[in-house]
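Chain residues, written in single-letter form:
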Amino acid sequence: GVNLKWGVPTLIETDSLGNAAPPHVAVDPSGNAIAVWHQSNGTVDNIWANRFDGVNLKWGVATLIERDNVGHAHRPHVAVDKSGNAMVVWSQSDGTRDNILASQFDRVSLQWGTPTPVEMDNSGKAGSPQVVVDPSGNVIAVWSQSDGKHSNIWANRFE
């Protein structure tokens, strides 16, 4: 629209233990948004999130949604459904290889669920996950995974 302008930037993560990067954000039709990123705790990277309230037009408090410190968690990607529920996927090391995990955000309770595996094939490193939500609320995640010779593209559906 005409005459729109950027407002004042807002710091949405406040943990100063280590670097935070790369953010990803998704928004629902009501203007609520979820931002996710990985951030170092001084030893490994963990997954964090923050929610923008589209009614009150303000960010909440950053929430640690993954705290398994066995290995680095990185490259989170988030999708939000039309009701404001969200799903985030990321790549996480188990100490041997990277796997794909996910956590679901419930807009009613404003809580993140326990991280769960999206892929269970430990044949090779999995990475670069992405996630989408269809109009019915079904979630599809895709990622690349090595079979030891080539990288292949895999998918899984959450219903």
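Residues numbered from 1 in each chain as written. Predicted model: local features only at pLDDT ≥ 70, side-chain atom pairs only at ≥ 80, totals over all residues. Heavy atoms only, no water.

**Some thoughts on the overall build of the protein chain**
Broken down by element type, the protein chain carries zero helices and 13 strands. Going residue by residue from the N terminus, the α and β elements of the protein chain occur as β-β-β-β-β-β-β-β-β-β-β-β-β. The C-alpha radius of gyration of the protein chain comes to 16 Å, within 12% of the 15 Å expected for a compact globule of 159 residues. Judged by the C-alpha coordinates and their principal axes, the protein chain covers about 55 × 40 × 30 Å. Across the 159 residues that make up the protein chain, the buried fraction comes to 40%. Relative to all contacts within the protein chain whose residues are 6 or more apart in sequence, the contacts with residues 24 or more apart total 35%. On the protein chain, roughly 9,400 Å² of surface is accessible, and the fraction owed to carbon and sulfur atoms is 54%. With 11 positive and 16 negative side-chain charges, the protein chain shows a spacing of 6 Å between the two charge centroids. (Helix = DSSP H or I, 4+ residues; strand = E, 2+ residues; numbered from the N terminus. Rg over C-alpha atoms; globule rule 2.2 N^0.38 Å. Buried < 20%, exposed > 50% of the residue type's maximum accessible area, 1.4 Å probe, protein only. Contact = heavy atoms within 4.5 Å. Areas by Shrake-Rupley, 256 points an atom, 1.4 Å probe, with all protein chains shown as cover. Lys, Arg positive; Asp, Glu negative; His and termini not counted. Charge placed at Lys NZ, Arg CZ, Asp CG, Glu CD.)

**Structural notes on the sheet that holds strand β13 (residues 151-158)**
Reading across from one edge, β11-β12-β13 is the order of the three strands in this open sheet, with antiparallel pairing throughout. Lying at the two open borders of the sheet, with one neighbouring strand each, are β11 (126-133) and β13. On average, each strand axis in the sheet is inclined to that of its neighbour by 20°, with strand direction left out of account. Pairing geometry for β11 and strand β12 (residues 139-146), over six bridges, is antiparallel. Looking at β12, one finds that Q130 is bridged to V142. (Pairing = 2+ DSSP bridges. Axes fitted to C-alpha atoms, helices over the stretch in contact; angles between N-to-C directions.)

**Quick look at the side chain of N32**
Within the secondary structure layout, N32 lies in the loop between β1 (20-27) and β2 (33-40). Of the residues examined, N32 reaches a relative accessible area of 13% and is grouped as buried. Side chain to side chain, N32 and R51 meet in a polar contact 3.4 Å long. Discounting chain neighbours no more than four positions away, the residues touching N32 are A26, V27, R51, F52, D53, G54 and V55. (Polar contact = N/O pair within 3.5 Å; in protein donor to acceptor, adjacent residues only side chain to side chain.)

**Let's talk about the nonpolar core**
Counting residues in hydrophobic clusters, the biggest one holds 15 residues, and the most contacted among them are I34, I65, V78, A86, V88, W90 and W112. Those elements that place two or more of their residues in this core are β2, β3 (45-53), β6 (73-80), β7 (86-93) and β8 (98-106). Residues in contact with A86, not counting those within four places in the same chain, are I34, V78, A79, V80, S103, Q104, F105 and W112. Judged by nonpolar contacts, the second largest core, of eleven residues, contains A79, M87, I100 and V139. (Core = buried A, V, L, I, M, F, W, Y, C linked by side-chain atoms within 4.5 Å.)

**A look at the pattern of salt bridges**
Inspection of the entire model under this criterion finds one salt bridge. Residue R97 is joined to D94 by a salt bridge in which the shortest nitrogen-to-oxygen separation is 4.0 Å. Under the relative-accessibility criterion, R97 is labelled partly exposed at 24%. (Salt bridge = Lys/Arg side-chain N within 4 Å of Asp/Glu carboxyl O.)

Keep in mind these numbers describe shape, not what the thing actually does.
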